[in-house]
Amino acid sequence: MNDTKATRDASLIENQRTTIAELETPVIEVWDGILALPIIGTVDTARAQTMTETLLEKIVSTKSEIVILDITGVPVVDTSVSRHLLETIAAARLLGAEVLLVGLTSRTAITLVHLGLDLTGVTTRTTMARGLQLAFGRLGLEVVKTRPVVTP
Amino acid sequence: MTTEQRVPIRIEQDIVVARQSVRELAGRLGFGTIDQSRIATAVSELTRNVIRYATDSTGDMYVREIEGPRGKGLEIVVEDHGPGIADLDLVMQDGYTSGGGMGLGLPGTKRLMDEMELTSAVGVGTTVTIRKWRR
Amino acid sequence: MIFPIVKIGNCLIATLTEDIGDADAMDLQESINTRIEATGASGVLVDISALQTIDSFLGRLLNEIATGARLLGAETVMAGMQPAVAMTLVELGLTLKGVRSALDAERGLTMLGQHLNGGGQ
């Protein structure tokens, strides 16, 4: 029957789309409750939507409260890219997650200021490491050295 | 031959009827949950405009499955017979609000769908056609 | 329609079904305000985990519920928004910044913790 084949095809396409999305948007659970999403390359509307979709699904499945969005690998942060990022941040917030934006360069910062976008409530840090530190702090976690480092 | 579904818009509760029936149809046609949400929300905006602004709050929604170069899709037409929109450019601007302060939700609807066409004439009525293609 | 609003400690909990019409949504808004006033509740949890569609009207209404509750001395948390709904809302251009949000009802209640134990106000 056409119905069954159509349903099967739709299922297959849905699965393949999910796989492609996952490969394009590596959402990493760096710690219990903390997700990291390093974005490499340009972000167009289609990619932004897939990215947000994957991120939201991961927030739900891992019950994460913090997302570190790393834009170090994004070459150009213009109006459209900024809008997409702000949308992703807003969507994650609606699911109860706080988003930390890391990887901003001074040039990106100036661009964002010039664009006049509403960045209130968006917490930023310059590096992933700093973002992680802040994330741990938010969750009441601390990294403590338990013994001296032994170099061979 | 694909059938066309008609949902009359007469009372406020028809907004819910319209968006639920279109969501269900979209699901059956193989649209994913997010697209179902986009389509249902777009229909909600358009049918609410009919209830709020159309003469006698009366209008109709037509839903049909369509075929195109990109494959299958859904076409929805929401039409009323008055009063019509005087300035189409104005209502398509983000931030435009009508007298009730609620806005017509048209720019948002356009963002949610793949295609949108709006025709309107004062004293005649308004027809909004939206399309979403299954990816 | 009558919406069941449950009170636990100093918190009101309203659970929405998978769709809610405009009139019912406004009834809910009124009910929440009335209950806050009558009970002195300092926390409101709106469980939207079943809700499938939030358009511009309902989105603004949720903002209004939070603002109204705040004026009456109560904090509002919206819990369990479905990912598809969140994406659609954001594409529609609404961020609901006026309402706090939680991943699920459990987290939401944790956020309103102090109010559960009869604290708050």
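For the structure itself, look to the data block above.
Given the structure is predicted, the values throughout are model-derived calculations rather than measurements. (Residues numbered from 1 in each chain as written. Chains lettered and ligands numbered in written order. Predicted model: local features only at pLDDT ≥ 70, side-chain atom pairs only at ≥ 80, totals over all residues. Heavy atoms only, no water.)

**A word on the sheet that holds strand β2 (residues 11-15) of chain C**
Residues and elements named next belong to chain C. Rules: By definition, two strands form a pair when at least two bridges between them are found by DSSP. The helix count covers DSSP runs of H or I at least four residues long, the strand count covers runs of E at least two residues long, and both are numbered beginning at the N terminus. Note on method: axes are straight lines fitted to C-alpha atoms, helices fitted across the in-contact stretch only, with angles between N-to-C directions ranging 0 to 180 degrees.
Read from one edge of the open sheet, 5 strands run β1-β2-β3-β4-β5, paired in mixed fashion. Of all strands in the sheet, those with a lone pairing partner are β1 (5-8) and β5 (100-102), marking the two edges. Neighbour to neighbour, the strand axes of the sheet diverge by 25° on average, direction disregarded. In the sheet, β1 pairs with β2 via 4 bridges, with the strands oriented antiparallel.

**Things to note about the packing of helix α1 (residues 13-28) of chain B against helix α2 (residues 33-53) of chain B**
Residue and element names in this part refer to chain B. Note the threshold: We call two directions roughly parallel when the angle between them is under 35 degrees, roughly antiparallel when it is over 145, roughly perpendicular when it lies between 65 and 115, and oblique otherwise. The hand of a helix crossing depends on one turn: near helix anticlockwise from the far one by less than a right angle means left-handed, and clockwise means right-handed. The contact definition used throughout considers only heavy atoms, calling two residues in contact when any of these lie within 4.5 Å. The residue classification treats Ala, Val, Leu, Ile, Met, Phe, Trp, Tyr, Cys and Pro as nonpolar and Asp, Glu, Lys and Arg as charged. All others, Gly included, are polar.
Axis separation between α1 and α2 bottoms out at 8 Å; the angle between their running directions is 155°. What the angle tells us is that α1 and α2 run roughly antiparallel. The element α1 and its partner α2 pack so that their crossing is right-handed. Residues Ile 15, Ala 18, Arg 19, Val 22, Arg 23, Ala 26 and Gly 27 of α1 form the contact with α2, whose own contacting residues are Gln 36, Ser 37, Ile 39, Ala 40, Val 43, Ser 44, Thr 47, Arg 48 and Ile 51. Taken together, the residues of the contact of α1 with α2 break down into 8 nonpolar, 5 polar and 3 charged.

**Structural notes on the pattern of salt bridges**
Residues and elements named next belong to chain B. For the record, the criterion: Salt bridges, as used here, are contacts in which a Lys or Arg side-chain nitrogen is within 4 Å of a carboxyl oxygen on Asp or Glu. Per-residue accessibility, obtained with a 1.4 Å probe over protein chains only, is compared with the maximum for each type, and a residue is labelled buried under 20%, exposed over 50%, and partly exposed between these values.
The full count for this structure, using the stated rule, is 23 salt bridges over all chains. Notably, a salt bridge pairs Asp 35 with Lys 132, separated by 3.8 Å at the nearest N-O pair. Placement of Asp 35 in helix α2 and of Lys 132 in strand β5 (residues 125-133) is noted, with a sequence separation of 97 residues between them. The residues Asp 35 and Lys 132 share a single accessibility class, namely buried.

**A short note on unusual backbone geometry**
All names here are of chain B. Of note in this structure, Asp 56 is not a glycine but carries a positive phi near 60°. Assessed through its relative accessible area of 67%, Asp 56 is described here as exposed. Of note, the phi angle at Ser 57 is positive, near 50°, even though the residue is not glycine. With respect to the helices and strands, Ser 57 occurs in the loop between α2 and β2 (59-68). By relative accessible area, Ser 57 is classed as partly exposed at 21%.

**Digging into the side chain of Arg131(B)**
All names here are of chain B. Short version of the rule: In protein, a polar contact requires one atom able to donate a hydrogen and another able to accept it; more generally it is a pair of N or O atoms within 3.5 Å, and residues adjacent in sequence count only if both atoms are side-chain atoms.
As for its placement among the helices and strands, Arg 131 is situated in strand β5. Taking relative accessible area as the criterion, Arg 131 reaches 13% and is therefore assigned buried. A distance of 2.8 Å separates polar atoms of two side chains, one belonging to Arg 131 and the other to Glu 115. Residues within four places of Arg 131 in sequence aside, it is in contact with Ile 66, Leu 74, Glu 75, Met 113, Asp 114, Glu 115 and Glu 117.

**Topic: the environment of Ser101(C)**
Residue placement: Ser101(C) occurs in strand β5. Distance in space between the C-alpha atoms of Ser101(C) and Val46(C) is 9.4 Å, their sequence separation being 55 residues. Setting aside anything within four residues of it in sequence, one finds Ser101(C) in contact with Arg93(A), Leu94(A), Leu95(A), Gly96(A), Val77(C), Met78(C) and Met111(C). Here the side chain of Ser101(C) touches Arg93(A) through a polar contact of 2.5 Å, landing on its backbone oxygen.

**Brief notes about the interface of chain A and chain B**
As a reminder of what qualifies: Using a 1.4 Å probe, buried area is obtained as the accessible area two parts lose upon being combined, added over both of them.
Residue-level contacts link 5 residues of chain A with 4 residues of chain B. When chain A packs against chain B, the two sides together hide about 450 Å² of surface, and 47% of this comes from carbon and sulfur. On inspection of chain A and its partner chain B, the count reaches 0 salt bridges. Elements that contribute at least two residues to the side of chain A that touches chain B include exactly α1 (2-24) and α2 (45-62) of chain A. Top element by residues in the side of chain A that touches chain B is α1(A). It accounts for 3 residues. Residue composition of the side of chain A that touches chain B, by class: 1 nonpolar, 1 polar and 3 charged.

**Observations concerning the interface of chain B and chain C**
The interface of chain B with chain C comprises 21 residues on the first partner and 19 residues on the second. For the chain B and chain C pair, buried surface summed over both sides reaches about 1800 Å², with 46% attributable to carbon and sulfur atoms. Scanning the region where chain B abuts chain C turns up 6 salt bridges. One salt bridge in this structure joins Asp55(C) and Arg19(B), with 3.4 Å as the shortest N-O distance. The interface formed by chain B and chain C holds 17 residue pairs in polar contact (both at pLDDT 80 or more) in total. Elements with a contribution of two residues or more to the side of chain B that touches chain C: α1, α2 and α4 (106-112) of chain B. The element best represented in the side of chain B that touches chain C is α2(B), accounting for 10 residues. Counted by class, the side of chain B that touches chain C contains 6 nonpolar, 7 polar and 8 charged residues.

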